[in-house]
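Chain by chain, the residues run as shown.
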Amino acid sequence: MRLAGSNPQPSFNSPLSNVGHRGVKWGMGGFKKMELREMVYLSLLATFAIVVHSLETVFPSPLPWLRLGLANIMTLVTLILFGLKAGLYITIIRVVVGSLLTGSFMNPGFFLSLSGGIMSTLAMGFIISIFKNAFSPIGISLIGAFVHNLTQIALAYVLIVGRKEIFLLTPIILGFAILTGIFNGIASTIVVNHLKKVLGGQVGFKGSRVQGSV
Amino acid sequence: MHKDFSAKIMSNVKAQSSNYFDIWILKFGFNKIRLGLFIIPVLILLILSCAKEPPIFKKSKFLMDTVVTITAVGTKDEVEKVIDATFSEIERLENLMSGFKEGSDVDRINKSAGIGPVKVNRDVINVIAKAKEISEITGGAFDITIGPLSKLWGFGVKKEYIPQEDDIKKLLPLIDYRQISVDESKSEVFLNKNGMMIDLGGIAKGYAADRGVEILKNMGIKAGIVAVSGDIRTFGKRPDGKAWHIGIKHPRESEKVLTAIDLEDSSISTSGDYERFFIKDRRRYNHILNPKSGYPATGCQSVTIISKEGILVDALATGVFVLGTEKGMEFIESNKSIEGIIVDSKGEVKVSSGLRGKVGL
Amino acid sequence: MGFKDIIKAMTFGDKVLILLLSVITVLSFYYVKVIFPEGAEASIEIEGKARGSYLLAEDRMIEINGSLGTAKIEIKGGKIRVIRAPCRDKICMKEGWISKAGESLICLPNKVMVYITGEARYDAISW
């Protein structure tokens, strides 16, 4: 895949660098000192997250809201490379844009996705900042998957189903979370390591850390 | 840092050569492990999708001298009122068609036999007209004028009673569906001979299932089942997208199911010699009487009929039971819209051609 | 960097976490079994009104008053049956034991229905 056109060189030469001059101080919201390429990477991550989120909606699912959570890979990568705020941004953008694309905006499923996403992002962010290097992306991703699924099932009970029988699914959902958590963790490790190589260890804001050295 | 930013990016781009923006996922390729990592979770997902909890609500009520069970797709809050309304409709039909209820339409028809026509409800006209039609196509194997014989044998009323042959023979001339006059325009029914009695027990339950489904559909239910004892009409699909899975009772082992079949928008009914019977002097007497001989039909252990309409399958299950295994199966095969399963008197299971491969035995 | 390297890069914390979460998952299976005993409950209805639900795990005798008279129902070894019915045909007694979700014992004259709760194998039975 190339960015904007078949040949990356020219498209990089003129328009982007111009934007870059103005874009340096733009940032998004709180990210005052965001560099252009960090913005580019964040945008890319957000794009991937949106695409994956939308594609997953097309997959058959055992429960309307139980998904592989592949978009969590993007969230985790963002968390590790760019910190908690960026991770939350990616999550919210992903859910909102993704649901607009799939036509599920403001559906019950949308709120489940949003709250599950935010809760798991927060949980992963806290784990990263509190436990430092105790977990590799696999461990962090596991926490995220668990929190994500538990939040959704609890919310589905309160908002939609209203029958305690939904908790019959808890063991299945938790077992599923372990599998998806590990899978997404491995995927995240690969992406993080690659991006670290590409970015030469220069990415990240204050407080965010690149970790999981391989 | 800001000044030479674009230059820095350029140098970075060069350093990383052409694969700077190559998507990393593609670079990792699809070797077996990675492919497996993608496929396994997807498979698990597919398997788990069978474990989904279906929002189905079921309710039973004692009606029509049996148990009526209505199943509807939806939560209890959504469908319970609709189901109750359907029960009321079936109760209304029961009050019209029961032969035991004083003042019911059927009771009034029977009491005016040989005297004069009786104005009755549209539903009763529908059922009697359909009954005559089915008597016609089964050559009289199904006949609602069986009433006097049923009363004589008294299944479910008298205890293990075998009537005298003379008594039976005396009643046989009264058993003739052609002696029912139906005036559809005036909504009137007349039994031509004194002493005639109609008994809608073999057809009213199927009609009730049809009406029940109509009510459920009209009130917005997308899928469900109305089961008036074993006369079952289904419509739509289960919430998991599958057809309704209907078991057929084993005629001899009461705890077992003979086979099961998947139905969408069709009806099923079973008549068996096990429902009401007694054994006296090593002979088995069941409640399904042959209108021609006046004695219980003995050709089969059970007959299951599957077709579109509940009223049709209910009556035909009885009619084919009376016809016996061979003639019964011939009849089923001669009608494209009718399928059936017959368990013959030795317990052998015969399946009509349209059902072969669709039922597991 | 291959798959093996990633597995090697797992920290001690990861391994403990996987173990812990697996234990929680297994426990949740057990927990769910306890709050939702599978097909192990029988409901008794008289004239369409619920009379009560009984765990099949506890052996006991139940006497109920139907519209005709008193019926006696026995629960033993995870199964339930009618051992005395006031009606004449005693069809419900002849049916014997039931234990699977969706199975039922029906006494028409007495307007008593006993059924095992839970999701049944068949949506309906034709008989």
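Keep in mind that what you see is a predicted model, and the values were worked out from it rather than measured. (Residues numbered from 1 in each chain as written. Chains lettered and ligands numbered in written order. Predicted model: local features only at pLDDT ≥ 70, side-chain atom pairs only at ≥ 80, totals over all residues. Heavy atoms only, no water.)

1. Things to note about the overall build of chain B
No. 1: If you tally the helices and strands in chain B, you get 11 helices and 15 strands.
No. 2: Residue pairs at least 24 apart in sequence account for 59% of intrachain contacts in chain B once pairs closer than 6 positions are excluded.
No. 3: When the accessible surface of chain B is totalled, it reaches about 16,900 Å², and 52% of it is carbon and sulfur. (Helix = DSSP H or I, 4+ residues; strand = E, 2+ residues; numbered from the N terminus. Contact = heavy atoms within 4.5 Å. Areas by Shrake-Rupley, 256 points an atom, 1.4 Å probe, with all protein chains shown as cover.)

2. As for the pattern of salt bridges
Residues and elements named next belong to chain B.
No. 1: Across all of its chains, the model carries 24 salt bridges over all chains by this definition.
No. 2: Note that Asp-105 and Arg-108 form a salt bridge whose closest N and O atoms lie 2.7 Å from each other. You can see Asp-105 and its partner Arg-108 sitting in helix α5 (residues 105-111), three residues apart, about one turn around the helix.
No. 3: Arg-108 sits in the partly exposed class, given a relative accessible area of 32%.
No. 4: Ionic pairing is found between Glu-348 and Lys-350, a salt bridge with its closest N-O pair at 3.4 Å.
No. 5: A network of salt bridges, in which partner residues are shared, links Glu-89, Arg-92, Asp-123, Arg-211 and Glu-214. (Salt bridge = Lys/Arg side-chain N within 4 Å of Asp/Glu carboxyl O. Buried < 20%, exposed > 50% of the residue type's maximum accessible area, 1.4 Å probe, protein only.)

3. What about unusual backbone geometry?
All names here are of chain B.
No. 1: A positive phi is found at Ser-187, a non-glycine position, where the angle reads about 60 degrees.
No. 2: A positive phi angle, close to 50 degrees, is found at Asp-265, a residue other than glycine.
No. 3: One can find Asp-265 in the loop between β9 (257-263) and β10 (267-272).

4. Digging into the interface of chain C and chain B
No. 1: Across the contact, 27 residues belong to chain C and 37 residues belong to chain B.
No. 2: Between chain C and chain B, a total of about 2,500 Å² is buried, with carbon and sulfur atoms accounting for 57% of that surface.
No. 3: When residues of chain C are sorted by the area they lose upon contact with chain B, Asp123(C), Ser126(C) and Trp127(C) head the list and together hold 32% of the total.
No. 4: Seen at the junction of chain C and chain B, the total is two salt bridges.
No. 5: Linking Glu95(C) and Lys249(B) is a salt bridge whose minimum nitrogen-to-oxygen distance equals 3.4 Å.
No. 6: Across the chain C-chain B interface, the total number found is nine residue pairs in polar contact (both at pLDDT 80 or more).
No. 7: Those elements that provide at least two residues to the side of chain C that touches chain B are β6 (104-107), β7 (112-116) and β8 (124-126) of chain C.
No. 8: A total of three residues in the side of chain C that touches chain B trace back to one element, the largest contributor, which is β8(C).
No. 9: Taken together, the residues of the side of chain C that touches chain B break down into 13 nonpolar, four polar and 10 charged.
No. 10: When strand β8 (residues 244-249) of chain B meets β8(C), the two strands line up parallel, connected through three bridges. (Buried area = accessible area lost by both parts, 1.4 Å probe. Polar contact = N/O pair within 3.5 Å; in protein donor to acceptor, adjacent residues only side chain to side chain. Nonpolar A, V, L, I, M, F, W, Y, C, P; charged D, E, K, R; others polar. Pairing = 2+ DSSP bridges.)

5. Thoughts on the packing of helix α4 (residues 76-97) of chain B against helix α9 (residues 204-218) of chain B
Two quantities define a packed helix pair, namely the angle between the helix axes and the distance between the axes.
Residues and elements named next belong to chain B.
No. 1: Interhelical geometry of α4 versus α9 gives an angle of 150 degrees and a closest axis separation of 9 Å. By the angle class used here, α4 and α9 are roughly antiparallel. As for the relative orientation of α4 and α9, their crossing is right-handed in sense. Note on element contacts: α9 touches α4 through Ala-204, Tyr-207, Ala-208, Arg-211, Gly-212, Ile-215 and Leu-216, opposite Val-82, Thr-86, Glu-89, Ile-90, Leu-93 and Met-97.
No. 2: The class makeup of the residues in the contact of α4 with α9 is nine nonpolar, two polar and two charged. (Axes fitted to C-alpha atoms, helices over the stretch in contact; angles between N-to-C directions. Parallel < 35°, antiparallel > 145°, perpendicular 65-115°, else oblique. Left-handed = near helix turned anticlockwise from the far one by under 90°.)

6. Quick notes on the packing of aromatic side chains
No. 1: Using the criterion set out here, one finds six aromatic pairs over all chains in the structure.
No. 2: Between Phe105(A) and Phe110(A), the ring centres sit 4.9 Å apart and the planes meet at 65 degrees, which makes this aromatic pair edge-to-face.
No. 3: Classification of Phe105(A) by relative accessible area gives partly exposed; the value is 33%.
No. 4: The class of Phe110(A) is buried, set by a relative accessible area of 4%.
No. 5: Ring centres of Trp153(B) and Tyr285(B) lie 6.0 Å apart, and the angle between their planes is 35 degrees; this geometry places the pair in the tilted category. Note that Trp153(B) is positioned in helix α7 (residues 147-153) and Tyr285(B) in strand β12 (residues 283-286), a separation of 132 residues in sequence. You'll find Trp153(B) and Tyr285(B) in the same group, each marked buried. (Phe/Tyr/Trp six-rings, centres within 6.5 Å; stacked < 30°, edge-to-face > 60°.)

7. Digging into the environment of Glu56(A)
Residues and elements named next belong to chain A.
No. 1: Here Glu-56 is to be found in helix α2 (residues 36-58).
No. 2: Judged by its relative accessible area of 6%, Glu-56 is buried.
No. 3: Spatially, the C-alpha atom of Glu-56 lies 8.7 Å from that of Ala-71, the residues being 15 residues apart in sequence.
No. 4: A polar contact is formed between the side chain of Glu-56 and the backbone nitrogen of Leu-70, at a distance of 2.6 Å.

8. Description of the confidence of the model for chain A
Residue and element names in this part refer to chain A.
No. 1: With 71% of its residues at a pLDDT of at least 70, chain A reaches an overall mean of 74.
No. 2: Here helix α1 (residues 8-26) stands out as the least confident element of chain A, with mean pLDDT 34; helix α3 (residues 71-82) is the most confident, with 90.
No. 3: Confidence drops under a pLDDT of 50 for residues 1-31, and excluding neighbours within four residues, the segment shows 44 contacts in the predicted structure.
No. 4: Throughout residues 204-214 the model reports pLDDT below 50, and contacts reaching past four residues in sequence, or to other chains, amount to 38 contacts. (pLDDT = per-residue confidence, 0-100.)

9. Focus on the nonpolar core
No. 1: Core analysis: the biggest nonpolar cluster contains 76 residues, and Met97(B), Leu200(B) and Ile203(B) have the highest contact counts within it.
No. 2: Counting residues per element, this core draws most heavily on helix α10 (residues 310-323) of chain B, which supplies nine residues.
No. 3: Mapped onto the domain boundaries, this core takes at least three residues apiece from domain 2 (100-198) and domain 3 (243-361) of chain B.
No. 4: With residues near it in sequence (within four places) discarded, Leu200(B) still touches Met97(B), Val106(B), Val127(B), Ile128(B) and Ile144(B).
No. 5: Within the second largest apolar cluster, 44 residues are counted, among which are Leu68(A), Ala145(A), Ala177(A) and Ile178(A). (Core = buried A, V, L, I, M, F, W, Y, C linked by side-chain atoms within 4.5 Å. Domains from an automatic or database assignment.)

10. Here we look at the sheet that holds strand β4 (residues 70-76) of chain C
Residue and element names in this part refer to chain C.
No. 1: The three strands lie next to each other as β3-β4-β5, forming an open sheet whose pairing is antiparallel. Of all strands in the sheet, those with a lone pairing partner are β3 (60-65) and β5 (79-84), marking the two edges. For this sheet, the mean inter-axis angle between neighbouring strands, taken without regard to orientation, is 25 degrees.

11. Re the side chain of Thr69(B)
Residues and elements named next belong to chain B.
No. 1: By the element assignment, Thr-69 lies in strand β2 (residues 66-73).
No. 2: Here Ser-60 takes part through its side chain, which lies 2.9 Å from a polar atom of the side chain of Thr-69.
No. 3: Once you skip the residues sitting within four places of it in the chain, Thr-69 turns out to touch Lys-58, Lys-59, Ser-60, Ile-225, Val-226 and Ala-227.

12. Topic: the environment of Leu55(C)
No. 1: Residue position: Leu55(C) is located in strand β2 (residues 49-55).
No. 2: Judged by its relative accessible area of 32%, Leu55(C) is partly exposed.

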